[in-house]
Structures are given as C-alpha cells and as structure tokens.
Amino acid sequence: MKNYRNANIVVLTGAGISAASGLKTFRSQEGLWEQHAVEEVATPEAYDRNPELVEAFYNERRAQLDYSNTEPNAAHFAIAQLEQQHEGRLFLITQNVDDLHERAGHKQVLHMHGELRKARCPATHQSFYMQGDFSAENKCHCCVPGNRLRPHIVWFGEMPLGMGHIERALTECDVFIAIGTSGTVYPAAGFVRLAKAFGAKTIDVNLNPCYSGAFDKQYEGCATESVPKLVEQILSEQEEFA
Ligand code: APR
C-alpha cells in the first residue's frame, strides 16, 4: 500500500505560485498577456522581426527578479522542504522562468519553458547565466564571429525542454500535484491526464480551480497557505491512498 511518506511525487508549478511573490501571472487582469501580445514578444518570428522589442520585454522581466520585494514565498520554501525531507522521489517541473524555487533552496528544478536569468546561443543552443541586458552588442563566445545572444526562453511554437524526463516521471509517479497553473497551455496542461492514466493520485492547488474534473482533489486558495499545509500532510503521513 502506497502512502504519502514513500510516494514518488511530481509537482508542476505555474505562474500562480510566483504571483504571491509579486510576479505577474499571464492570464489575469493586468496579466502579462493583457499588456503584451504574445505574437509580439514570445515567438521566434517576433524575435526575428523585432529583436529589440523582444529583448526589452525580457530585460524588464529580468530586472523584476532583482527587485527587493521579489522573494520566494512560503509555497516555494515548502516544496524545497519536501525535496529535502521526503523519503520518496520528488520531481519538480516548473513552467515559470523565474528563479524563486532555486532561491528557496530547491536543488533540482526542471524549467520546461526556460529561465529568465539565462541567455542562449542561437546556433549551438548553449545556455548560461548572463548578467545585464540583452542587446545587439551581447554576443556568444562559442562561435566566431559571435552570434547575438537570445533569451533562454521557450517561445510559442518551440519545443519545451526536458520532455523525455517529464514523460517518464509522469508515468512512474504515485502523486501528481499542480500548483498555480491555469491548465491552458500544452503540453503542461496534459500532464495531469498522463499521470492519472498511469494510476497517480492527482491534486490541484489553485486560487480559482479551473481544470475540468482531471483532479482527484482540489485545494482552493492561495498557494502560500495551501502548499505548506499539503507538504505537512505528506511529511506527517496523515493520509494514506490506494
Ligand atoms: N495561489 C494559487 N494559485 C494562483 C495564485 C495564488 N496566489 N494566483 C493565481 N493563481 C492561479 C490562477 O488562478 C491561474 O489558474 O495561477 C494560475 C495562473 O495561470 P496562468 O496565468 O495561465 O499561468 P500558467 O498556468 O503558469 O501559464 C502557463 O502559459 O503563456 C504561457 O509560458 C507561459 O508558462 C506559461 C504558460
């Protein structure tokens, strides 16, 4: 009989977990896609058409990460605690491109949509942490002559990162927990169904639960309240499940 204590757990986080740290979500009033058309700032075509506009969008979001009030919140710290104390496996996938999970002490984070703090060479696809702004002057050092570095972000129409690892983890997990994601963008929106098809218990943590009935359990409320409680339940083995 599996119980929480030794379960293999996959956690998928979305913009909602970072909302409580002051970072905008995508699909809410004042959300990022309310203020910027995706086609203008988040597609390879947009970058080819107007790299300066795309760079300005990501430079502004990178700068936000350095604002003093952009700190990991209780939900980030609770998941990092789960990584440290849980007996079973924990696989964290995030759709977020911020570094709040890492700053909360999380060691293994799979950023399936890339990372704001990194740059990427468009030719070799090498990615690395970069300080400062993207600009025409910022060139890679892996090519001669250097190529203009692009944001290490998966744009619409590009393949998310780590899909092989993700699919294997989903077919092997006992518990799948989605936190702060609207379930509107694939392939991430389909992860719950794949996990469920392979027998996982599925849990959704959301301010306004909106997925269809794909979840066995829903925790409605702010992630900063519900995630620490859920992690405490898992670590104290209060719940058994088949
Ligand atoms: N606590 C819990 N959930 C929250 C909170 C909060 N404090 N605040 C907002 N939410 C929920 C919202 O109810 C919503 O369901 O977080 C979700 C955020 O949804 P989106 O803005 O669509 O963000 P996300 O699901 O991460 O988007 C997925 O879409 O545009 C792409 O690449 C982008 O990674 C992003 C992907």
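Residues numbered from 1 in each chain as written. Predicted model: local features only at pLDDT ≥ 70, side-chain atom pairs only at ≥ 80, totals over all residues. Heavy atoms only, no water.

**Q** Before we move on, could you go through the pairing of strand β1 (residues 9-13) and cite the residues and values that matter?
**A** In terms of burial, β1 is a largely internal element, 5 of the 5 residues being buried. As judged from the 5 bridges shared by β1 and strand β7 (residues 175-179), these two strands associate in the parallel manner. Paired with valine 11 across the two strands is isoleucine 177, which belongs to β7. (Buried < 20%, exposed > 50% of the residue type's maximum accessible area, 1.4 Å probe, protein only. Helix = DSSP H or I, 4+ residues; strand = E, 2+ residues; numbered from the N terminus. Pairing = 2+ DSSP bridges.)

**Q** Tell me about unusual backbone geometry, residues and numbers included.
**A** Of note, the amide linkage connecting valine 144 to proline 145 takes the cis form, showing an omega dihedral of -5°. In this structure, proline 187 follows tyrosine 186 across a cis peptide bond, with omega equal to 5°. One non-glycine residue, histidine 125, adopts positive backbone phi at about 65°. Following the sequence through the fold, histidine 125 ends up in the loop between β4 (114-120) and β5 (127-129).

**Q** A description of the pattern of salt bridges should follow, citing residues and the corresponding values.
**A** Under the definition given, this model contains 11 salt bridges. Linking arginine 5 and glutamate 87 is a salt bridge whose minimum nitrogen-to-oxygen distance equals 3.6 Å. With arginine 5 in the segment before β1 and glutamate 87 in the loop between α6 (74-85) and β2 (90-94), this residue pair connects regions lying 82 residues apart in the sequence. Look at arginine 5 and you get partly exposed, because its relative accessible area is 21%. Relative accessible area serves as the criterion here: at 57%, glutamate 87 is assigned to the exposed category. With a closest N to O distance of 3.1 Å, arginine 89 and glutamate 172 form a salt bridge. With a gap of 83 residues between them, arginine 89 in the loop between α6 and β2 and glutamate 172 in helix α8 (residues 163-172) connect regions that are remote in the sequence. Owing to a relative accessible area of 49%, arginine 89 belongs among the partly exposed residues under this scheme. For glutamate 172, a relative accessible area of 39% puts it in the partly exposed group. Bridged by salt links that share partners, the residues Asp66, Glu71, Asp99, Arg103 and Arg117 form one connected network. (Salt bridge = Lys/Arg side-chain N within 4 Å of Asp/Glu carboxyl O.)

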